[in-house]
Amino acid sequence: MNHHPSNAPTANPKPRYLLRSAVAAVAVSVLLACGGGGDSSNVASPASVVGSQEIETARAAPASAQVFNLSYKDAPLDNPLKGFLPYQPWFDRNNPNDDPTQRDVYKNVIPHSMEWFYVPLKDIQKDYNTFDWTEVEKNLKQIKGRGRQAALRIYIDYPGNDYGLPDFLAHVPKYAYSDYGNKKSFSPDYTHPDLQRAVLSFIAAFGKQYDNDARVGFVTAGLLGFWGEWHTYAPDSSVGDIPPQLMQDVLEAYNSAFANKMIHARGPAGGVDMKKYTRLGFHDDSFALSTVNVTSNPSLNWYFWPKMQGAGLQDNWKTEPMGGEVYPGIQGCIWNNSCSKGQSFDVAVATTHASWLINHGAFTGGYTGDKLQQTLKQHHSLGYTLHVPKASLEPAQTGQALRGTVSIENRGVAPFYYPWAVQLAAVDTTGKLKTWTMGWDLRTVLPGAPSTWAFDIPNHGLAAGNYTLMMSVPNPMEGGRALRFANTTQDQNRADWLSVGAFTVGDGSGPVNASDITSLVLVNASNGTPIQTLSSTGRNEISYSALNGQSFSIRALPDATASGGPKSVKFRITASHVPTVIERKEGASPWALLGNVGSVYTPWNVNLGPEYVVTATGYSGDGQAGKPLTVTIQFRR
């Protein structure tokens, strides 16, 4: 990347954290009062998603629940999409002896999960609508072969390298310059309409080719300016500026072409509103040299972070990643802050919340002893560090639901930025694994903001016996490193899985408990009159028209053969069209789903089409749970 302190411009897309929170809040209200009979038959969520993300940050487990307290241990250094990364070993594309069978050729094979590479635009784009991805594929194939993912950039002008503008644009004027040791490259006329047309056409094709490719971790916007860093600052030469409108058009093109991949801009660019884009992170390619203005000197406001603050982007890291490169001139001394120039690496990381940084010197310098250990510490300090301190599991029986909670916290400086699926599993004594995919969003776990997530698996399918509860976040790239947690029991029993704790599934036999719920009854909400008893096997299909406009609710009935009865009943409602789980506790008979006043029940408003799952669990005075009852209901016209 760059080899100078840059005061350059920037570009790209923006945050969704508030949107995610708003969606969660709406889901609660929709589930409690689901539209008064409106048809939502076209709205559904994946059947595999059986967990819910709690709106509360914490929730007490029932007294009968088994609680697992887990201990912290630093997560592996090659956790995905974070940390230091080198240039991939075959960056010298002019080397005819390139051997793709080679593996890690550096002096220090520091555990890492990503590699960086550049490709000139001319190697890909042959005319406005013809593209050859061979060079990109070559790099991605080699990096994937080492089990890693890529961060990359496409460039036109790289000082010191061959000019990267495609041959069919040879008529576009170009400017020679000698700055930064350049002897071969040129700065093109960025105002030329043919260049602009080609660049925008390329971005559309780029997104179509790689937006859903799991081998690609992050894409820097590139294309414009020296090193693709969106500036043409050259003190000894007069080269053309990059029009702000072109920057804006490039961002719009990236935002349209990439719906799933994170794009990085070099920094806020004058005349360009970068706050409006989603999926737009930033990269500081002079990291720890001109990153933070610790002296508050106005003459240094061109530094990376003051520019971010000036553009109102200081909180962008909460939803979009920060990356870049440790300034090459200080990569040999930044490990112990002994550089004659530069800034505190720790302060720069804490300020910017950086997730990944190119630090090629760490891999080629042959570090040993304290120097290597400090480098590893800095490597670990980047990005997320997810720790599970506690989990709970309610007593499990065959034929019943598997329920519990998982608490999670982020001890790093940044969140995890992609919606990778979280899995729970039960492994039996023979090693056989049964897995369930949760509806949990790791992106929302910010540093200092722990969450407690609930799971409810109605038909777990586990036989009576002993199991270990486990948790995993697999990498969507085949052969890629899974996200692993900062826990002592990570990989303890099985690679890529966090062991949460041992539990037993009972066979469902035993004495009748006064708190056992034996039936759930659909009742007329206006007077409590029973309409029908709901079956706990199969799906109850209720004809809305047959109800003749009656408002309705549900009443739980405890076991009539047992003396006494429950002191409270907890209702749990899930719906296939929203991911949120709703729970409420009723403290007195007649154990109404949403409460009652005398014989008048609070009506339950539903949508036609989706499946609702309602579970009622009775509790004794000391908090012991009885046998719950679960029913599935679908309302039709």
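Conventions used here
Residues numbered from 1 in each chain as written. Predicted model: local features only at pLDDT ≥ 70, side-chain atom pairs only at ≥ 80, totals over all residues. Heavy atoms only, no water. Helix = DSSP H or I, 4+ residues; strand = E, 2+ residues; numbered from the N terminus. Buried < 20%, exposed > 50% of the residue type's maximum accessible area, 1.4 Å probe, protein only. Contact = heavy atoms within 4.5 Å. Areas by Shrake-Rupley, 256 points an atom, 1.4 Å probe, with all protein chains shown as cover. Pairing = 2+ DSSP bridges. Axes fitted to C-alpha atoms, helices over the stretch in contact; angles between N-to-C directions. Salt bridge = Lys/Arg side-chain N within 4 Å of Asp/Glu carboxyl O. Parallel < 35°, antiparallel > 145°, perpendicular 65-115°, else oblique. Left-handed = near helix turned anticlockwise from the far one by under 90°. Nonpolar A, V, L, I, M, F, W, Y, C, P; charged D, E, K, R; others polar. Arc of directions from axis to C-beta. Polar contact = N/O pair within 3.5 Å; in protein donor to acceptor, adjacent residues only side chain to side chain. Core = buried A, V, L, I, M, F, W, Y, C linked by side-chain atoms within 4.5 Å. Phe/Tyr/Trp six-rings, centres within 6.5 Å; stacked < 30°, edge-to-face > 60°. Lys NZ or Arg CZ within 6 Å of the ring centre and 35° of its normal. pLDDT = per-residue confidence, 0-100. Expected span 1.5 Å × (residues − 1).

### Structural notes on the overall build of the protein
Phase 1 of the analysis: Along its length, the protein carries eight helices and 32 strands.
Phase 2 of the analysis: When each of the 637 residues of the protein is scored for burial, the buried share is 56%.
Phase 3 of the analysis: Across the protein, the fraction of contacts at a sequence separation of at least 24, relative to all contacts at a separation of at least 6, is 77%.
Phase 4 of the analysis: Taken as a whole, the protein presents about 24,900 Å² of accessible surface, with 50% of it coming from carbon and sulfur.

### Some points on the sheet that holds strand E25 (residues 539-543)
Within a beta sheet, neighbouring strands are joined by backbone hydrogen bonds and run either parallel or antiparallel to one another.
Phase 1 of the analysis: In space, the five strands of this open sheet follow the order E25-E32-E31-E27-E28, with mixed pairing throughout. Every interior strand has two partners, whereas the edge strands, E25 and strand E28 (578-586), have only one. With direction set aside, neighbouring strand axes in the sheet form an average angle of 25°.
Phase 2 of the analysis: Two elements, E25 and strand E32 (residues 629-636), share five bridges in a ladder whose sense is parallel. Its bridge partner lying in E32, Ser543 is registered against Arg636.

### A look at the pattern of salt bridges
Phase 1 of the analysis: The final tally for this structure, using the stated rule, is 22 salt bridges.
Phase 2 of the analysis: Close ionic contact of Arg484 with Asp78 constitutes a salt bridge, the shortest N to O distance being 3.1 Å. Taken together, the positions of Arg484 in the loop between strand E21 (465-472) and strand E22 (498-506) and Asp78 in the loop between strand E2 (66-69) and strand E3 (83-85) put the pair 406 residues apart, joining distant regions of the chain. In terms of burial, Arg484 and Asp78 fall into one category: buried.
Phase 3 of the analysis: Between Arg266 and Glu229 there is a salt bridge, with the nearest N and O atoms lying 3.6 Å from each other. With Arg266 in the loop between strand E11 (262-265) and strand E12 (280-287) and Glu229 in the loop between strand E10 (216-220) and helix H4 (244-257), this residue pair connects regions lying 37 residues apart in the sequence.
Phase 4 of the analysis: Connected through salt bridges with shared partners, the residues Arg153, Glu229, Arg266, Asp284 and Asp285 form a single ionic network.

### Here's the deal with the sheet that holds strand E16 (residues 396-397)
Phase 1 of the analysis: Pairing is mixed in the open sheet, where five strands are placed in the order E16-E22-E21-E18-E19. Two strands lie at the open edges of the sheet, namely E16 and strand E19 (433-437), each paired on one side alone.
Phase 2 of the analysis: In the sheet, strand E18 (residues 423-428) pairs with E21 via six bridges, with the strands oriented antiparallel. Bridge pairing in E21 links Val427 to Thr468.

### Focus on the packing of helix H3 (residues 193-210) against H4
Geometrically, a packed helix pair is captured by the angle between its two axes and the distance between the axes.
Phase 1 of the analysis: The interhelical angle for the contact between H3 and H4, taken along N-to-C directions, is 20°, at an axis separation of 8 Å. In terms of orientation, H3 and H4 fall into the roughly parallel class. Along this stretch, H3 crosses H4, giving a crossing that reads as right-handed. Here Gln196, Val199, Leu200, Ile203, Ala204, Phe206, Gly207 and Lys208 of H3 come into contact with H4, specifically with Leu246, Asp249, Val250, Ala253, Tyr254 and Ala257.
Phase 2 of the analysis: The residue inventory of the contact of H3 with H4, partitioned by class, reads ten nonpolar, two polar and two charged.

### Digging into the pairing of strand E7 (residues 149-155)
Phase 1 of the analysis: Within E7, seven of the seven residues are buried, leaving the element largely enclosed by the surrounding structure.
Phase 2 of the analysis: Across the two faces of E7 the burial is the same, with Gln149, Ala151, Arg153 and Tyr155 and Ala150, Leu152 and Ile154 all buried.
Phase 3 of the analysis: Note that strand E4 (residues 114-120) and E7 share seven bridges and pair parallel. Across the sheet, the residue bridging to Pro120 is Tyr155, located in E7.

### Quick look at unusual backbone geometry
Phase 1 of the analysis: Residues Ser589 and Pro590 are joined by a peptide bond in cis, for which omega reads 20°.
Phase 2 of the analysis: The residue Arg279 is not glycine, and still its phi comes out positive at about 65°.
Phase 3 of the analysis: Position of Arg279 relative to the elements: it lies in the loop between E11 and E12.

### With respect to helix H6 (residues 345-352)
For an α-helix, the turn length of 3.6 residues means that residues three or four places apart are oriented alike.
Phase 1 of the analysis: Phe345, Ala348, Val349 and Thr352 are the residues of H6 that are buried. Buried residues along H6 cover an arc of 95° about the axis, so they all sit on one side.
Phase 2 of the analysis: On the buried face of H6, the contacting elements are E3, E12, helix H5 (304-310), strand E13 (322-326), strand E14 (356-358) and helix H8 (369-381).
Phase 3 of the analysis: Taken from the residues just after H6, His353 is the one with a positive phi, measuring 60°.

### Some remarks on the environment of Tyr612
Phase 1 of the analysis: With respect to the secondary-structure elements, Tyr612 resides in strand E31 (residues 611-619).
Phase 2 of the analysis: Accessibility expressed as a relative area gives 0% for Tyr612, which makes it buried.
Phase 3 of the analysis: The spatial distance from the C-alpha of Tyr612 to the C-alpha of Ser576 is 6.6 Å, given a sequence separation of 36 residues.
Phase 4 of the analysis: Within the structure, the side chain of Tyr612 is placed 2.8 Å from the backbone nitrogen of Asn607, a separation counted as a polar contact.

### Some thoughts on the nonpolar core
Phase 1 of the analysis: Core analysis: the biggest nonpolar cluster contains 135 residues, and Phe206, Tyr254, Phe455 and Met471 have the highest contact counts within it.
Phase 2 of the analysis: Tallying contributions element by element places H3 first for this core, with eight residues.
Phase 3 of the analysis: Ranked by size, the runner-up nonpolar core spans 28 residues in total, among them Ala556, Phe571, Trp604 and Val606.

### Comments concerning the packing of aromatic side chains
Phase 1 of the analysis: Throughout the structure, instances matching the rule amount to 36 aromatic pairs.
Phase 2 of the analysis: Ring centres of Tyr180 and Trp227 lie 5.0 Å apart, and the angle between their planes is 55°; on these two criteria the pair is classed as tilted. On the criterion of sequence distance, the pair formed by Tyr180 in the loop between strand E8 (174-175) and strand E9 (187-188) and Trp227 in the loop between E10 and H4 is long-range, its members being 47 residues apart.
Phase 3 of the analysis: When its relative accessible area of 27% is taken as the criterion, Tyr180 is described as partly exposed.
Phase 4 of the analysis: According to the relative accessible area criterion, Trp227 is buried, its value standing at 1%.
Phase 5 of the analysis: Cation over ring: Lys82 sits above Tyr384, and NZ or CZ is 5.2 Å from the ring centre.
Phase 6 of the analysis: Between Lys585 and the ring centre of Tyr619, over which it is positioned, the NZ or CZ distance is 4.9 Å.

### What to know about the confidence of the model for the protein
Phase 1 of the analysis: Confidence along the protein averages 85 in pLDDT terms, with 85% of residues attaining 70 or more.
Phase 2 of the analysis: Low pLDDT, under 50, characterises residues 90-94; the predicted model gives this stretch 15 contacts beyond four residues in sequence or across chains.

### Side note on H4
Phase 1 of the analysis: With 14 residues, H4 should reach 20 Å at 1.5 Å per residue; the first-to-last C-alpha distance of 20 Å fits that figure.
Phase 2 of the analysis: Along H4, the residues classified as buried are Leu246, Met247, Gln248, Val250, Leu251, Ala253, Tyr254 and Ala257.
Phase 3 of the analysis: Buried-residue contacts for H4 involve H3, E10 and E11.

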